[in-house]
Amino acid sequence: QVQLVESGGGLVQAGGSLRLSCAASGRTFSNYAMNWFRQAPGKEREFVAAISWSGGNTHYADSVKGRFTISRDNAKNTVYLQMNSLKPEDTAVYYCAADPLLKVGGTLYDYWGQGTQVTVSS
């Protein structure tokens, strides 16, 4: 079992920045690729970013490319999402997910966190 706990969400003005964290406990964190997803009210959950177990391979949704950066610290069992130049359309609950395989999108992941709310005001 892997437990994932997101933090760092909040209210920010458009153009601002936030850094989300996802702390993992349980099985060996470095065995898992990590993803960030988000879900806005009334919309389906969508892929945001992914990072391989080593951190050497990353992928981003087109909507966040150039503004968001995913990273991980395996010594701290934590994955991060640095979000810059935030827009009102980035408002959503952000979730992290873990899987042994590096995936881009989809919904079949071994473990999910409970989510953290990000609200961007205009």
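These lines cover the structure that appears in this document, whether it is placed above or below.

What counts and what doesn't
- Residues numbered from 1 in each chain as written.
- Predicted model: local features only at pLDDT ≥ 70, side-chain atom pairs only at ≥ 80, totals over all residues.
- Heavy atoms only, no water.
- Buried < 20%, exposed > 50% of the residue type's maximum accessible area, 1.4 Å probe, protein only.
- Helix = DSSP H or I, 4+ residues; strand = E, 2+ residues; numbered from the N terminus.
- Pairing = 2+ DSSP bridges.
- Contact = heavy atoms within 4.5 Å.

**Quick look at the pairing of strand E4 (residues 33–39)**
Within E4, 6 of the 7 residues are buried, which leaves it mostly tucked inside the rest of the structure. Pairing analysis gives 7 bridges linking E4 to strand E9 (residues 92–99), with the strands arranged antiparallel. Its bridge partner being in E9, Gln39 is matched across the sheet by Val93. Pairing of E4 with strand E5 (residues 46–51) involves 5 bridges; the strand directions are antiparallel. By the bridge assignment for E5, Phe37 is matched with Phe47. The turn linking E4 back onto E5 is made up of 6 residues, and Gly42 within it adopts a positive phi angle of 80 degrees.

**Examining the environment of Tyr32**
Note that Tyr32 resides in the loop between strand E3 (18–26) and E4. What makes Tyr32 buried here is its relative accessible area of 7%. Between the C-alpha atoms of Tyr32 and Ala97, which are 65 residues apart in sequence, the distance is 9.4 Å. Excluding its chain neighbours within four sequence positions, the residues that come into contact with Tyr32 are Val2, Arg27, Trp53, Arg72, Ala98, Asp99, Pro100, Asp110 and Tyr111.

None of the figures reported here should be taken as evidence of function without further support.
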